[in-house]
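# Observations on the three-dimensional arrangement
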Amino acid sequence: MVVIRLARGGAKKRPFFNIVATDSRNRRDGRFIERIGFYNPMASGQEVSLRITADRLAHWESVGAQLSPTVARLVAQNKKAA
């Protein structure tokens, strides 16, 4: 099953997350099918903290991909802010 979830990157104590579509059996930071966006919880000032490619997200949802709870929360926040 395809899942849309966060893959952690960044340095120690400076997290950065890619929002990726991946097979549910793959590791958290392992192989993925497509990068859909990113989430930077440490963003400050003019930096963008969340960017999601809406058309690719809609595509993956249309073919049956499931959102992780955290990504679902981020998508809801993004829609509310826009």
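Residues numbered from 1 in each chain as written. Predicted model: local features only at pLDDT ≥ 70, side-chain atom pairs only at ≥ 80, totals over all residues. Heavy atoms only, no water.

Just so we agree on the cut-off: UniProt positions are given in the numbering used here, feature names are shortened, and annotations may be inferred rather than shown by experiment.
As named in an unreviewed UniProt entry, the chain is Small ribosomal subunit protein bS16, taken from Duganella aquatilis. Under the heading Sequence similarities (unreviewed entry), UniProt records this for the chain: "Belongs to the bacterial ribosomal protein bS16 family."

### Focus on the pattern of salt bridges
Where we set the bar: Whenever Lys or Arg places a side-chain nitrogen within 4 Å of a carboxyl oxygen from Asp or Glu, that contact is recorded as a salt bridge. Residue burial is assigned from relative accessible area. The probe radius is 1.4 Å, only protein chains are included, and a residue is buried under 20% of its type maximum, exposed over 50%, and partly exposed in between.
Taken as a whole and judged by the stated rule, the model has three salt bridges. Here Asp 23 ties to Arg 25 by a salt bridge, and the two come within 2.9 Å at their closest N and O atoms. Residue Arg 25 is classed as exposed on the basis of its relative accessible area of 70%. Between Arg 28 and Asp 29 there is a salt bridge, and its shortest N-O distance comes to 2.9 Å. Note on Asp 29: relative accessible area 40%, which makes it partly exposed.

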